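Analysis of the macromolecular model
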Amino acid sequence: MLYNWNGNIVQKVSFTHNNRSFKYGDGLFESMRVFNGKIFNRVAHENRLEKSLSVFKLNLEKPISRVFDEVEDLLVKNDVSKGGFARLMLYRDAQGGYTPSNNKSAYLIECSKCNNNQFELQEKPIKTVFFTEHKKPCSKLSNIKSNNVLLYVLASIHAKELSADDAILLNEKGNVIESTNANLFVVKEGKLYTPPLADGPLDGTLRNVILQCFEVKERSVSIEDYEVADEVFLTNAHGIRLVKEGVKAKEIIKHLNSLI
């Protein structure tokens, strides 16, 4: 497997203990689904990365579009010609403690093959549990795919301890916002809802596609809303996972596959 490290194709990557992502979680990443050797929904990933770099005060010394060109070039070099995944990690390449010596960013790109070259639904709904020990704050930092994912790790451990497939996170107001690795949608009386970004969920790229292509109301979702919903599903780069089965998720995944 080949990697792209700061624009150079390499077979091995080694970080020192002074790497700021390792020491402080000072970085962010993009997880991308690949179909037919190309990044799905690429523009949304580029736009999200641009916003994230601004919030993190990170400087990228080349156009964002060029970095995503490098992602697709790496897919070719690793023979990912059909389905696959790609991950772009950026971190502050600087010395210093909490105050960095500069805001220059370095990056690493990796990719892998996947047997599926389209989105697919699993056969059975997954089991979820609520994670209430720690709450997610309502802030712009909560919308970013940061390298600091301790909250998601703890929630995933909680789900595993209870033999569940995933955990549902709450924000500081007690509203349902997302799972450990996905955005959340609920259907009630034929209407589709998802938590607004102001409530603290990740600004998901597949979430954005659904908001653009379907009639969705962004509003706070309570635990009761989640429990009495007619349909519940989760979305991320892997696609859609059913929590409570219904027709809307099937309709959406059919449309997503038409965009490939």
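Scroll up to find the structure this text is about.
Residues numbered from 1 in each chain as written. Predicted model: local features only at pLDDT ≥ 70, side-chain atom pairs only at ≥ 80, totals over all residues. Heavy atoms only, no water.

With respect to the state of the cysteines
Quick note on the threshold: Criterion for a disulfide: a pair of cysteine sulfur atoms within 2.5 Å.
Scanning the entire structure with this criterion turns up 0 disulfides. Left unpaired, Cys111 is separated from the closest cysteine sulfur, that of Cys114, by 13 Å.

A word on the packing of aromatic side chains
What counts is decided by this rule: Each aromatic pair joins two rings of Phe, Tyr and Trp (for Trp, the six-membered one) with centres within 6.5 Å, and gets the label stacked for planes under 30 degrees apart, edge-to-face for over 60, and tilted for any other angle. Secondary structure elements are taken from DSSP: a helix is a run of H or I of four residues or more, a strand is a run of E of two residues or more, and numbering for both begins at the N terminus. Using a 1.4 Å probe on the protein chains alone, a residue whose accessible area is under 20% of its type maximum counts as buried, one over 50% counts as exposed, and one in between counts as partly exposed. For a lysine, the NZ atom is tested; for an arginine, the CZ atom; a charge sits over a ring if that atom is within 6 Å of the ring centre and within 35 degrees of the ring normal.
One pass over the full model with this rule turns up 8 aromatic pairs. Measuring from ring centre to ring centre gives 5.5 Å for Tyr24 and Tyr98, while their planes differ by 65 degrees; the resulting arrangement is edge-to-face. Placement of Tyr24 in helix H1 (residues 20–24) and of Tyr98 in the loop between strand E5 (84–92) and strand E6 (105–113) is noted, with a sequence separation of 74 residues between them. Residue Tyr98 is classed as exposed on the basis of its relative accessible area of 76%. Relative to Phe40, the ring of Phe35 has its centre 5.6 Å away and its plane inclined at 85 degrees; by these criteria the two rings are edge-to-face. Following the ring pairs from residue to residue traces out a cluster consisting of Trp5, Phe15 and Tyr91. Over the ring of Phe29 we find Arg87, and its NZ or CZ is 4.1 Å from the ring centre. Across from the ring centre of Tyr193, 4.2 Å away, lies the NZ or CZ of Arg219, which sits over that ring.

What to know about unusual backbone geometry
A positive phi angle, close to 55 degrees, is found at Lys57, a residue other than glycine. Topologically, Lys57 is positioned in the loop between helix H2 (42–56) and helix H3 (64–77). Classification of Lys57 as exposed rests on a relative accessible area of 59%. Residues other than glycine seldom take positive phi values, yet Glu189 does so here, at roughly 55 degrees.

Brief notes about a nonpolar patch on the surface
Selection criterion: Patch membership requires more than 30% relative accessible area and the absence of a salt bridge. Residues of like charge join within 9 Å; the nonpolar side chains Val, Leu, Ile, Met, Phe, Trp and Tyr join within 5 Å. The accessible surface values rely on the Shrake-Rupley method and a 1.4 Å probe; as for residues, cover is taken only from the protein chains in view. Salt bridge, as used here, is a side-chain nitrogen of Lys or Arg placed within 4 Å of a carboxyl oxygen of Asp or Glu.
A contiguous nonpolar surface patch, about 320 Å² in accessible area, is contributed by Leu150, Val153, Leu154 and Ile157. Relative to the helices and strands, Ile157 is located in helix H4 (residues 150–161). Looking at Ile157, the relative accessible area reads 42%, which means it is partly exposed.

Focus on helix H7 (residues 248–258)
The condition is simple: The arc in question is the one spanned by the directions pointing from the helix axis to the C-beta atoms. We call two residues contacting when some pair of their heavy atoms lies within 4.5 Å.
Taken together, the buried positions of H7 are occupied by Lys248, Ala249, Ile252, Ile253 and Leu256. Viewed end-on, H7 has its buried residues packed into an arc of 125 degrees, placing them on one side of the element. Facing away from the buried side of H7 by more than 90 degrees, the exposed set consists of Lys254 and Ser258. Where H7 is buried, its residues contact strand E10 (183–188), strand E11 (191–194), helix H5 (205–213), strand E13 (231–236) and strand E14 (239–244).

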